[in-house]
Amino acid sequence: MNHVQGCAHGCKYPCYAFLLKKRFGQIKDYDSWLEPYLVSNTLELLDKEIPRLRDKIQSVQLCFTTDPFMQGYPEISAMSIAAMRKLNEAGIKCTTLTKGLLPIELAQLSPENEYGITLISLDETYREKMEPGAASYTERLAALRALHDAGCRTWVSIEPYPTPNMIEQDLNKILEAVAFTDRIIFGRTNYSKMANAYRRHKHFYNVCATEVITFCQEHGIDYHIKEKTITEE
Ligand code: SF4
């Protein structure tokens, strides 16, 4: 579910949603992408769509082409929570992914829901460069931890993971920081000249994926390695 057009987080990986919207002429440029438009009749649309589609829906993901808990936009967070409440009341589970702060009110919604953050580094300088409008890693992690401590299911997306020519870092430290979560998703950086320019990027991602799998197996955490992250060298 994408109830907002644009995203003030302005990720520079680049953001796939931005590239797609720009290609199809829905967004003019990066600056207009940074100004989000909330679909103000989201709840009315859900009232129409839920009865029609309920039996076909396994779960609803918020969001694929924007961020449901966008930093600095409380009206977007409020709408996301209201929409999730409506979906949960119809027996539909929700999964969220954000680079903002997960509100603690989410703990009052269905226990079936799953709450996730993206975390590709612990280095704030890198975060400012790649995710300039997003929440800091420390605050993002603390909000996720608070939901975990309140009994919610939590997960982490370590994607798009950078190659060493983008930042030198220890993947194990990131894994340790999210070891309390229920599921870890790991994926390479796509659509990036810099990642592809790293001479041994295939080998690098194969080693990282093995590290994630081993860590998750040792800690009893579910995991998923995104397609094309593990490849033949
Ligand atoms: S948070 Fe997601 S939708 Fe927003 S700019 Fe970053 S990658 Fe794109």
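Look up: the structure comes first, before these words.
Residues numbered from 1 in each chain as written. Predicted model: local features only at pLDDT ≥ 70, side-chain atom pairs only at ≥ 80, totals over all residues. Heavy atoms only, no water.

(A) Region of interest: the packing of aromatic side chains. According to the stated counting rule, one finds 8 aromatic pairs in the structure shown. With a centroid separation of 6.0 Å and 85° between ring planes, the pair formed by Phe-18 and Tyr-30 is classed as edge-to-face. Residue Phe-18 is found in helix H1 (residues 16–23), and its partner Tyr-30 is found in helix H2 (residues 30–33); the two are separated by 12 residues along the sequence. With 5.8 Å between their ring centres and 50° between their planes, Phe-18 and Trp-33 make a pair best called tilted. One end of the pair, Phe-18, is in helix H1; the other, Trp-33, is in helix H2, with 15 residues separating them in the sequence. (Phe/Tyr/Trp six-rings, centres within 6.5 Å; stacked < 30°, edge-to-face > 60°. Helix = DSSP H or I, 4+ residues; strand = E, 2+ residues; numbered from the N terminus.)

(B) Spotlight on the site of the ligand. Around the ligand, the structure places Cys-7, His-9, Gly-10, Cys-11, Cys-15, Trp-33, Thr-66, Asp-67 and Lys-99. When atom positions are compared with the pocket grids, the ligand is found to occupy the largest pocket. Class assignment of the residues belonging to the shell around the ligand gives a composition of 4 nonpolar, 3 polar and 2 charged. (Near = heavy atom within 4 Å. 1 Å grid on protein atoms, 1.4 Å probe; cavity = no way out; pocket = protein on both sides within 12 Å on 5 of 7 lines; lining within 4 Å. Sits in = over half its atoms within 2 Å of the grid points. Nonpolar A, V, L, I, M, F, W, Y, C, P; charged D, E, K, R; others polar.)

(C) Representation of the layout of surface pockets. In this structure, the largest pocket encloses a volume near 980 Å³. Mapped onto the lining of the largest pocket, the elements with two or more residues apiece are H1, strand S4 (93–98), strand S5 (114–118), strand S6 (153–161) and strand S7 (183–188). The biggest single contributor to the lining of the largest pocket is S6, with 4 residues. Grouping the constituent residues of the lining of the largest pocket by class yields 15 nonpolar, 11 polar and 9 charged. Taken together, 15 residues form the lining of the second largest pocket, with Met-1, Asn-2, Leu-46, Glu-49 and Val-60 sitting closest to its centre. If one sorts the elements of the lining of the second largest pocket by residue count, helix H3 (residues 42–53) sits on top with 6 residues. For the lining of the second largest pocket, a count of residues per class yields 9 nonpolar, 5 polar and 1 charged. (Points joined across faces, edges and corners; volume = space filled by probe spheres on them.)

(D) Spotlight on the sheet that holds strand S8 (residues 222–225). Judged by pairing direction, the sheet is parallel, and its 6 strands sit side by side in the order S3-S4-S5-S6-S7-S8 without closing on themselves. Strands at the two margins of the open sheet, each flanked by one partner only, are strand S3 (59–62) and S8. In this sheet, neighbouring strand axes are inclined to one another by 15° on average, regardless of whether the strands run parallel or antiparallel. As paired strands, S7 and S8 are joined by 4 bridges and run parallel to one another. Considered in S8, the bridge of Ile-185 is made with His-224. This element, helix H4 (residues 74–89), spans S3, S4 and S5 of the sheet and lies at about 155° to S4. The strands touched by helix H9 (residues 201–219) within the sheet are S6, S7 and S8, with S7 carrying the most contacts at an inclination of about 175°. (Pairing = 2+ DSSP bridges. Axes fitted to C-alpha atoms, helices over the stretch in contact; angles between N-to-C directions. Contact = heavy atoms within 4.5 Å.)

(E) Region of the structure containing the side chain of Glu-131. Within the secondary structure, Glu-131 sits in the loop between helix H5 (124–130) and helix H6 (137–149). A residue is classified by how much of its surface remains accessible, and Glu-131, at 0% relative accessible area, is buried. Setting aside its immediate chain neighbours within four residues, Glu-131 contacts His-9, Cys-11, Tyr-13, Lys-99, Ile-120, Tyr-126, Tyr-137 and Arg-140. (Buried < 20%, exposed > 50% of the residue type's maximum accessible area, 1.4 Å probe, protein only.)

(F) Region of interest: H6. Here H6 is 13 residues long and its end C-alpha atoms lie 18 Å apart, about the 18 Å a rise of 1.5 Å per residue gives. Those residues of H6 not exposed but buried are Tyr-137, Arg-140, Leu-141, Ala-143, Leu-144 and Leu-147. Taken down its axis, H6 places every buried residue within 160° of arc, on the same side. Those residues of H6 that are exposed and aimed more than 90 degrees away from the buried face are Thr-138 and Asp-149. Contacts made by the buried residues of H6 are with S4, S5, H5, S6 and helix H7 (171–177). In the stretch just after H6, Gly-151 is the one whose phi turns positive, near 95°. (Expected span 1.5 Å × (residues − 1). Arc of directions from axis to C-beta.)

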